[in-house]
Amino acid sequence: MLTNENYFSPENQMKYMGVSQFKAFEKCPASALAVEVKGEYELPKKTALLVGSYVDAHFEGTLDIFKAQHPDLFRNDGKLKANYVQAEQIINYLENDDLFMEYMSGEKQVIMTGEIEGVPVKIKVDSLLPDKIVDLKIMKDFEPVYVQEKGRLNWIEAWEYDLQGAVYQEIVRQNTGKVLPFFIAAGTKESDGPDKEIIEIPQSYLDVELEHFRKNVQYYDAIKKGLIEPERCEHCTFCKATKILTEPKSLEVLEYE
């Protein structure tokens, strides 16, 4: 049985496909297999990501556990470091908004499993209400994001939160029989003060992204099972850390790249 404690265990990462795992395979299959699935390599933790995780833990009701697991949040005098003081400010800012809190008032961290194209899939919903699915995101800002080969995209599509919504909606449908709309409840951690939004992702976007997931999930599952050798992107943190030089590279190749 999946729980919060074993949700990301190597056994369950191997057994189930998750949205973050799927997105990792899209970026670099070799890194996804080593980092997301097998846990053979740990990427450096970034303070900016931990700030978002701090806010997430608060809304999950697991902040005390999070603090215990991350003693580096605190200065020598026991007070929070400046970045996490900012996280507390973001929390206060979001909690003072009635609509935001209404969307975050559902059942927290709801774990569900299902199958898409025969592949076991797991999800964990931040806030599940009778009439909607809500996921909490803490962003750097709400500015458009440049994505290689796609150009400048709005932050929802750039970070593939529409893909997440599609998978969540499908697995919730399999478990409840209901097709619920998907919303992002988002806050930012800008230095001059946070911002906030509630974004509904249209059903047409979710339908397109579910089809995208369907087309690729079996291929990535086959990599997990060792049936297909994972390709290396040679640009990500994992590929650079495990890179082995075999021969010199021509300047012409650099120009092509």
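Quick caveat, the model's predicted, so the values are computed rather than measured.

Notes on helix H10 (residues 203–224)
Piece 1. Under the 1.5 Å per step criterion, the end-to-end length of H10 is 30 Å for 22 residues, consistent within 8% with the ideal 32 Å.
Piece 2. At Asn216, H10 shows its maximal kink, close to 35°.
Piece 3. Looking at H10, one finds that the buried residues are Leu206, Glu209, Leu210, Phe213, Val217, Tyr220, Asp221, Ala222, Ile223 and Lys224.
Piece 4. One or two steps after H10, the chain reaches Gly226, where phi turns positive at roughly 80°.

Some remarks on the packing of helix H2 (residues 19–27) against H10
Helix-helix packing: each pair is described by the crossing angle between the helix axes and the interaxial distance.
Piece 1. Contact pair H2 / H10: the axes reach a minimum separation of 10 Å and the direction vectors enclose 80°. As judged from the angle between their axes, H2 and H10 are roughly perpendicular. Along the contact surface, H2 presents Gln21, Phe22, Phe25 and Glu26, while H10 presents His212, Phe213, Asn216, Val217, Tyr220, Ile223 and Lys224.

Concerning the pairing of strand E3 (residues 132–139)
Piece 1. Among the 8 residues in E3, 8 count as buried, and that is most of the element.
Piece 2. Two strands pair when backbone bridges link them, and strand E2 (residues 119–129) and E3 are joined in this way by 3 bridges, in the antiparallel orientation. By the bridge assignment for E3, Ser127 is matched with Val134.
Piece 3. The antiparallel pairing of E2 with E3 creates a hairpin that spans 2 residues between the two strands.
Piece 4. For E3 and strand E6 (residues 182–188), the ladder comprises 7 bridges, and the chain directions are parallel. Across the sheet, residue Leu136 finds its bridge partner in E6, namely Ala185.

A closer look at the packing of aromatic side chains
Piece 1. This structure, assessed with the given rule, holds 13 aromatic pairs.
Piece 2. On the basis of an interplanar angle of 85° and a centroid distance of 6.2 Å, the ring pair of Tyr168 and Phe182 is categorised as edge-to-face. Note that Tyr168 is positioned in helix H9 (residues 161–176) and Phe182 in strand E6, a separation of 14 residues in sequence.
Piece 3. Taking relative accessible area as the criterion, Tyr168 reaches 8% and is therefore assigned buried.
Piece 4. Taken together, the ring pairs in this structure connect Phe22, Phe25, Phe213, Tyr219 and Tyr220 into an aromatic cluster.
Piece 5. When the ring centre of Tyr7 is taken as origin, the NZ or CZ atom of Lys122, which lies over that ring, is 4.2 Å away.
Piece 6. Between Lys124 and the ring centre of Tyr7, over which it is positioned, the NZ or CZ distance is 4.6 Å.

Rules and cut-offs
Throughout this document, residue positions are counted from 1 along each chain, in the order its sequence is written. The model is predicted, so local features are restricted to residues of pLDDT at least 70 and side-chain atom pairs to those at 80 or more, both for listing and for counting; the totals for chains, interfaces and linings are taken over all residues. The side-chain figures draw on all heavy atoms in the structure; neither hydrogens nor water molecules are used. Note on conventions: DSSP H or I runs of at least 4 residues are helices, E runs of at least 2 residues are strands, and numbering of each starts at the N terminus. Between the first and last residue of a helix there are one fewer steps than residues, each counted as 1.5 Å, and that sum is the expected span. One axis is fitted to the seven residues ending at the residue and one to the seven starting there. The bend at that residue is the angle between these axes. Only protein chains enter the area calculation, which uses a 1.4 Å probe; residues under 20% of their type maximum are buried, those over 50% are exposed, and those in between are partly exposed. Axes, fitted as lines to C-alpha atoms, cover a helix only where it is in contact. Angles between the N-to-C directions of the axes lie from 0 to 180 degrees. In this scheme, roughly parallel covers angles under 35 degrees and roughly antiparallel covers those over 145, while 65 to 115 is roughly perpendicular and the rest are oblique. Here, residues are in contact when the closest pair of their heavy atoms is within 4.5 Å. Should DSSP find at least two bridges between two strands, the strands are regarded as paired. Aromatic rings from Phe, Tyr and Trp, taking only the six-membered ring of Trp, are treated as a pair when their centres fall within 6.5 Å; an angle between ring planes under 30 degrees marks them as stacked, one over 60 as edge-to-face, and anything in between as tilted. Any Lys NZ or Arg CZ that is within 6 Å of a ring centre and within 35 degrees of that ring's normal is treated as a charge sitting over the ring.

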